[in-house]
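# Fold and contact review
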Amino acid sequence: MLFSWRGGPGALSFLQSLLLLTAWEAGSGQIHYSVLEEAKHGTFVGRIAQDLGLELAELVRRQFRVVSKGRGDLLEVNLQNGILFVNSRIDREALCGRNAECSIHLEVIVDRPLQVFHVEVEVKDINDNPPVFPESKKRIIIAESRPPETRFPLDGASDADIGVNSALTYRIDPNDYFALDTQNNREQTSSLSLVLRKSLDREQIQEHSLLLTANDGGKPEMTGTVQLLIEILDVNDNAPEFDQFIYKVTVLENAFNGTLVIKLNATDLDDGTNGDISYSFRRPVSPAVLNAFIINPNSGEIRTKGKLDFEEKKLYEIPVEAIDKGNIPMAGHCTILVEVLDINDNIPHITITSLSLPVREDVQVGTVIALISVSDRDSGANGQVTCSLTPHVPFKLVSTFKNYYSLVLDSVLDRESVSDYAVVVTARDGGSPSLSATASVSVEVADVNDNAPAFAQAEYTVFVKENNPPGCHIFTVSARDADAQENALVSYSLVERRVGERALSSYVSVHAESGKVYALQPLDHEELELLQFQVSARDAGVPPLGSNVTLQVFVLDENDNAPALLPLPGAGGAGGAVSELVWRSVGAGHVVAKVRAVDADSGYNAWLSYELQPAAGGARSPFRVALYTGEISTTRSLDEADSPRQRLLVLVRDHGEPALTATATVLLSLVESGQAPKASSRVLAGAAGAETALVDVNVYLIIAICAVSSLLVLTLLLYVALRCSAPPSEGACGPGKPTLVCSSAVGSWSYSQQRRQRVCSGEGPPKTDLMAFSPSLPPCLSSTEGTGEGEADSERLKEPRQPNPDWRYSASLRAGMHSSVHLEEAGILRAGPGGPDQQWPTVSSATPEPEAGEVSPPVGAGVNSNSWTFKYGPGNPKQSGPEPKKQTQVSFLLRRKGEASQPRQ
């Protein structure tokens, strides 16, 4: 680094020898450089990036920056080469005044990660300021009576430089009367005096004009001059004198206005007015002295005036002169050094910079949140500051340098618990009493996606009637996310799977924003009783989080299937009509035919009743049809008056709302005994043979059904016992309340049952349930049984006995439902001999005579059904006539069911 100077070659070589700058040391965590003041723009100071161990390529990316508090842009760093250079003119005197040490403190801050380095650049003084006297001309009045060696104080020159550059030497023009005397004291202040070498003679020389020159010690040296005008007076030849030339006093900076600082006492050997002394500040008086102190001209007391401030000025130098009142006034001079003592009157100052806000809740412990610096203008213990934080916050202060701290994360953050913190930094000094200051930092915690959407329940049950309109809204799912903003935006979707051979999305859809679930097509209870699927809720965070909820949609049955007639094997007739041959010799109550029908619905909608349509012309038919079995029997003995061909119309009606019907045509041919055609004999023989084979098959079937049912009953009883002994858990259904259904006036089912049902998920084991019924007879029936055939009782028994509304047929009662095993018994309720039978749609009655039996599929069962009804009653051709039978006391239905019903064949 080169400098140009107006001095000679010697000065240039001296400056070049000083340019051994860039002194680096690693003590106290600082880097030290030095630079001469008045250095040109671009002057090299040091390789700061290299000394700090930073890569040049990372300076821009890590936002390398230099902060100089209150120093402007004196120094800058070239981010291309990492060199610290002089950016603008540095004037040491303007920066530090007369301080012996002058440094520029820099803070170097880099991000990613955040680091702070402290750099101190020492500004070296050069001799750029000449000595300056307070006045260009100084008038001095000296009495001629003053003896030799009399000293006359002069105002010395001041040099803004320091060190050798401010070491001043004085010289005066050669003369016979005056000489200069300079005295230095321990306070490094010098007193300049003009010494009288020999007695003055005003008559010879009335006035002396001398040029006082001050030279500094710089290279090249600089000079300053003042013209001394010495006036010689006659008469009063004794000047006032102080007992000390320099006085030292101390005063507290909080001294009240008017506090006595010192009382001066000067003496004058003259008498009278020549001995009267007046005290004053010797001119020129600095404005700081005039604003802080006042002197009493008569008593010589110096008192405070205004407020003293140790932080602004620590030492006052007050020049005082005592002038007598002689005709030729004479003056004595002294200097008072007033030292201001510090008190703890300044609170600490807190500065918070480089805030990294907001803070993510997943930030690691030890991350720097902010930089904090504290300062106190007081000195000593009054200026020693300690910092602390408010308790119970997840942050701590880490000291990085003297009065510099980092606000560091001390524990894990959770925005869902606390979303922001009011961190209060307290700075307290060491004074007595101590003073403190606080600064508040609001630390906002930024959300991260750490919470998945949550449903209120793990499973929902929805009931939907079948034949719903396409696109109808069936349910709304809702999930809550504890996060904020986009992390809490929940979208819904189906968890796709196969339902049979079709995709789940062909049945239902879910609105992505509202969570509304829609049925895309009409649902059919006969095809799908239970639709179980999952809805996924996923937030919009990165990465997204989600959870699932299970929906069980039960499809409720509606009466949308009319009864369907089943063809009878071996029955003749065309166009769907049933043809039977009837002997004219049969008696009353003989079963001549049976109409079989099935309804694909369930419950009341599948409960069928049969009724005979009136014959044309109003003629009374000798036949009747059982209300619930469809058996056609005679009401009386047939005679010759009856038409040989009987056409019966049987109306099959379900109990739905509204009811649906079907009509069966039965053609009966009345024949005499022995007149049956041979073909009919063969048919009867074939039917008898088929019946015998069917009985054999049914024996094995009954044995198999009983064995399987027994195993299943034992398994279910064991399962129910285990479930009842286990503590109840969420999602499992506890045992329901017992339900008691009383019989009606006409006699119906009366049972008390306790039902337990568990619906498993689609991935779980098959569902099982057990339904038990106990038929009983109303008192009115039991009292009238066997008393004869009465018309009122017959009419009452023709009325249907309604089942309990909570009862539903099992799935195997519908057409095409497989994998079910049913064993049903039911008592036949009779009004008397020849009276109508009252039975359930799947009817079975017990009788002591096993030979009078018939095995037939249950009403409502399909052709391929594995459910059978075993009926024993008076309608069998093997019986000659109706007779009272003992009624069955216990009936039960055993059902085993898979996840979903199979579609109809």
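All values reported here derive from a predicted model rather than from experimental measurement.

We now examine the overall build of the protein chain. Broken down by element type, the protein chain carries seven helices and 60 strands. Relative to its full complement of 905 residues, the protein chain shows a buried share of 43%. The long-range fraction of contacts in the protein chain, counting pairs at least 24 apart against all pairs at least 6 apart in sequence, stands at 68%. As presented, the protein chain carries roughly 46,400 Å² of accessible surface, and 53% of it is formed by carbon and sulfur atoms.

This part is about the nonpolar core. Membership of the largest hydrophobic core comes to 28 residues, with the highest contact counts inside it found for Ile 474, Tyr 492, Val 508, Leu 531, Phe 533, Val 535 and Leu 551. Those elements giving two or more residues to this core turn out to be β33 (459-465), β34 (472-476), β36 (490-495), β39 (508-510), β40 (516-519), β41 (530-539) and β42 (546-556). Ignoring anything within four residues of it in the chain, the contact list for Leu 551 reads Tyr 460, Phe 475, Val 477, Val 517, Leu 531, Gln 532, Phe 533 and Val 535.

Attention shifts here to the sheet that holds strand β22 (residues 315-324). An order of β16-β23-β22-β19 is seen for the four strands of this open sheet, with the pairing classed as mixed. Sheet topology places β16 (246-252) and β19 (277-281) at the edges, where each strand pairs with a single neighbour. Here the strands of the sheet are splayed against their neighbours by 25 degrees on average, with no regard to which way each runs. One ladder, built from nine bridges, connects β22 with strand β23 (residues 331-341); its direction is antiparallel. When the bridges of β23 are listed, Pro 319 appears paired with Thr 335.

So, about the pairing of β33. Covered by surrounding structure in β33 are Tyr 460, Val 462 and Val 464 only, the residues Glu 459, Thr 461, Phe 463 and Lys 465 on the alternate face being uncovered. As paired elements, β33 and β42 share seven bridges and run parallel to each other. The residue of β42 that forms the bridge with Thr 461 is Gln 552.

Summarizing the sequence annotation, UniProt attributes the feature "transmembrane region" (unreviewed entry) to residues 699-722 in the numbering used throughout. The distance from the first to the last C-alpha atom of residues 699-722 is 35 Å, and the span holds 100% helix and 0% strand.

Moving on, we get to the sheet that holds strand β20 (residues 293-295). Ordered by their spatial adjacency, three strands build an open sheet running β17-β21-β20, and the pairing between neighbours is antiparallel. In this open sheet, the two edge strands, each paired with only one partner strand, are β17 (260-263) and β20. For this sheet the average axis-to-axis angle between neighbouring strands, irrespective of direction, equals 20 degrees. With three bridges connecting them, β17 and strand β21 (residues 301-304) associate as antiparallel partners.

Note on pairing: side chains with opposite charge can pair once their charged atoms come close. Applying the stated criterion across every chain yields a total of 18 salt bridges. Between Arg 139 and Glu 207 there is a salt bridge; the shortest N-O distance is 3.7 Å. Of this pair, Arg 139 sits in strand β8 (residues 137-143) while Glu 207 is found in strand β13 (residues 207-215), placing the two residues 68 residues apart along the sequence. A relative accessible area of 42% places Glu 207 in the partly exposed class. Across the salt bridge formed by Glu 231 and Arg 139, the nearest N and O atoms sit 4.0 Å from each other. Separated by 92 residues along the polypeptide, Glu 231 in strand β14 (residues 223-233) and Arg 139 in strand β8 bring together distant segments of the chain. Sharing partners across several salt bridges, the network here consists of Glu 58, Arg 61 and Arg 62.

Turning next to the state of the cysteines. Scanning all chains against the criterion turns up one disulfide. Here Cys 96 connects covalently by a disulfide to Cys 102, the sulfurs 1.9 Å from one another. What sets the handedness of the Cys 96 and Cys 102 disulfide is the S-S torsion sign, and at about 70 degrees it is right-handed. Given a relative accessible area of 13%, Cys 96 falls into the buried group.

On to the pairing of strand β26 (residues 368-375). Burial analysis of β26 places six of its eight residues in the buried class, which makes it a mostly covered element. Both strand β24 (residues 349-353) and β26 contribute to a ladder of five bridges, which runs antiparallel. Pairing of Thr 353 across the sheet is with Leu 371, part of β26. Across five bridges, β26 lies against strand β29 (residues 404-409) in antiparallel orientation. For Ile 372, the partnering residue across the bridge sits in β29 and is Tyr 405.

With that settled, the discussion passes to the packing of aromatic side chains. If you walk through the whole model with that rule in mind, you get nine aromatic pairs. Consider the rings of Phe 242 and Tyr 279, whose centres lie 6.2 Å apart with planes at 50 degrees: the pair is tilted. Here the residue Phe 242 occupies a position in strand β15 (residues 241-242), and Tyr 279 occupies one in strand β19, the gap between them amounting to 37 residues. Overall, Phe 242 belongs to the buried group, its relative accessible area being 13%. A centroid spacing of 5.4 Å and a plane angle of 15 degrees characterise the contact between Trp 607 and Tyr 628, whose relative ring orientation is stacked. Highlighted residues: Trp 607 in the loop between β46 (596-598) and β47 (608-612) and Tyr 628 in the loop between β48 (623-625) and β49 (631-634), separated in sequence by 21 residues. Of the two residues, Trp 607 and Tyr 628, both sit in the buried class. A connected cluster of aromatic rings, assembled from ring pairs, spans Tyr 604, Trp 607 and Tyr 628. Over the face of the ring belonging to Tyr 316 we find Lys 313, whose NZ or CZ atom lies 5.6 Å from the ring centre. The side chain of Arg 502 reaches across the aromatic face of Tyr 507, ending 4.7 Å from its centre.

Conventions adopted
- Residues numbered from 1 in each chain as written.
- Predicted model: local features only at pLDDT ≥ 70, side-chain atom pairs only at ≥ 80, totals over all residues.
- Heavy atoms only, no water.
- Helix = DSSP H or I, 4+ residues; strand = E, 2+ residues; numbered from the N terminus.
- Buried < 20%, exposed > 50% of the residue type's maximum accessible area, 1.4 Å probe, protein only.
- Contact = heavy atoms within 4.5 Å.
- Areas by Shrake-Rupley, 256 points an atom, 1.4 Å probe, with all protein chains shown as cover.
- Core = buried A, V, L, I, M, F, W, Y, C linked by side-chain atoms within 4.5 Å.
- Pairing = 2+ DSSP bridges.
- Axes fitted to C-alpha atoms, helices over the stretch in contact; angles between N-to-C directions.
- UniProt positions renumbered as here; feature names shortened; annotations may be inferred.
- Salt bridge = Lys/Arg side-chain N within 4 Å of Asp/Glu carboxyl O.
- Disulfide = S-S within 2.5 Å.
- Phe/Tyr/Trp six-rings, centres within 6.5 Å; stacked < 30°, edge-to-face > 60°.
- Lys NZ or Arg CZ within 6 Å of the ring centre and 35° of its normal.

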